[in-house]
Amino acid sequence: MNDFLSHGLRFGCTQCSRCCRHDPGYVFLSPADCSSLADFLGISCNELVASRCRKVVLGGGLTMVSLLEKENHDCTFWNNAEGCTVYEARPVQCRTYPFWASAVEDWESWNREAVHCPGIGQGRVYTRDEIEALLAMRRQNHPMTV
Ligand code: SF4
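Thresholds, definitions, all that
Residues numbered from 1 in each chain as written. Predicted model: local features only at pLDDT ≥ 70, side-chain atom pairs only at ≥ 80, totals over all residues. Heavy atoms only, no water. Helix = DSSP H or I, 4+ residues; strand = E, 2+ residues; numbered from the N terminus. Rg over C-alpha atoms; globule rule 2.2 N^0.38 Å. Contact = heavy atoms within 4.5 Å. Buried < 20%, exposed > 50% of the residue type's maximum accessible area, 1.4 Å probe, protein only. Pairing = 2+ DSSP bridges. Phe/Tyr/Trp six-rings, centres within 6.5 Å; stacked < 30°, edge-to-face > 60°. Lys NZ or Arg CZ within 6 Å of the ring centre and 35° of its normal. Near = heavy atom within 4 Å. Nonpolar A, V, L, I, M, F, W, Y, C, P; charged D, E, K, R; others polar.

Asks: So what exactly am I meant to see when it comes to the overall build of the protein here?
Replies: In terms of regular secondary structure, the protein is built from 5 helices and 6 strands. Taken from the N to the C terminus, the helices and strands of the protein come in the order β-α-α-β-β-β-β-α-α-β-α. Against the 2.2 N^0.38 benchmark of 15 Å for 146 residues, the protein shows a C-alpha radius of gyration of 16 Å, consistent with a compact globule. Restricting to contacts in the protein with at least 6 residues of sequence separation, those with at least 24 account for 68%.

So, in structure tokens, the structure goes:
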């Protein structure tokens, strides 16, 4: 049990879109993420992987599937007029941000994430139970390997 979470953490998304755009990064998909996105778009998982994803080779010979980025590093599903065009079917990695294990270890990690996310410290307090549920959702959403 993480004592740091005992009083909860304040967060309210300002919809600045920094976590979806501008900087390079990975959005790894699980099989469930792939199915939801593919269903939402009316295509198959294979078509989604072929058209909107890239394969990322990690250490130990592991290859995972991440969403493509545009040349300017915006997410492939970002559109300046509409924002996230797959919001209802967005992957768990996006859905659970900024409550990622790497960000909620202690004040140092939370404050470090706040440099990238202006919503941290705004809005309502997420209780420990809510944060633990988001952490569990992320833990159980094993990335797809190919
Ligand atoms: S960086 Fe934070 S505040 Fe900005 S859109 Fe992402 S979650 Fe919301």
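Asks: Help me understand the pairing of strand 3 (residues 63-67) in this model?
Replies: Here is the key point about a regular strand: its side chains alternate between the two faces of the sheet. Counting buried residues in strand 3 gives 5 out of 5 residues, a clear majority hidden from the surface. Direction of pairing for strand 2 (residues 53-57) relative to strand 3: antiparallel, over a ladder of 5 bridges. Counterpart to C53 in the pairing with strand 3 is L67. Counting the residues in the hairpin turn of strand 2 and strand 3 gives 5 residues, including G60, whose phi is positive at 75°.

Asks: How should the packing of aromatic side chains be read in this particular structure?
Replies: When we look at a pair of aromatic rings, we describe it by the centre distance and by the angle of the planes. Under the defined criterion, the tally for this structure stands at 7 aromatic pairs. Pairing Y26 with F28 gives two aromatic rings, centres 5.2 Å apart and planes at 25°, and the pair type is stacked. A ring pair is formed by F99 and W110, whose centres lie 5.5 Å apart and whose planes are at 20°; its orientation type is stacked. With F99 in the loop between helix 3 (92-95) and helix 4 (107-114) and W110 in helix 4, the pair connects residues that are 11 residues apart, well separated along the chain. W110 matches F99 in its accessibility class, with the two residues each being buried. Members of the aromatic cluster, each reached through a chain of ring pairs, are F11, F99, W110 and Y126. Its end group placed over the ring of Y87, R90 keeps NZ or CZ at 3.8 Å from the ring centre.

Asks: Quick question: what am I supposed to make of the site of the ligand here?
Replies: As a matter of local geometry, the ligand sits amid F11, C13, T14, Q15, C16, S17, R18, C19, Y97, H116, C117 and G119. For the shell around the ligand, the residue count by class is 6 nonpolar, 5 polar and 1 charged.

Asks: Would you mind going over the side chain of T63 with me for this structure?
Replies: Among the secondary structure elements, T63 is positioned in strand 3. According to the relative accessible area criterion, T63 is buried, its value standing at 15%. What T63 contacts, discounting residues up to four positions off in sequence, is K55, V56, V57, M144, T145 and V146.

Asks: What exactly am I supposed to notice about the environment of F11 here?
Replies: Along the chain, F11 falls in strand 1 (residues 9-11). Put simply, F11 and T127 are 116 residues apart on the chain and 11 Å apart in space, counted from C-alpha to C-alpha. Residues in contact with F11, not counting those within four places in the same chain, are Y97, P98, F99, C117, G119, I120, G121, Q122, G123, R124 and Y126.

Asks: What is the right way to read the environment of G119 from this model?
Replies: By secondary structure assignment, the location of G119 is in the loop between helix 4 and strand 6 (124-126). The class of G119 is buried, set by a relative accessible area of 1%. In the structure, G119 is positioned 94 residues away from G25 in sequence and 19 Å away in space, judged by C-alpha atoms. Those residues in contact with G119 that lie beyond four places of it in its chain are R10, F11, G12 and T14.

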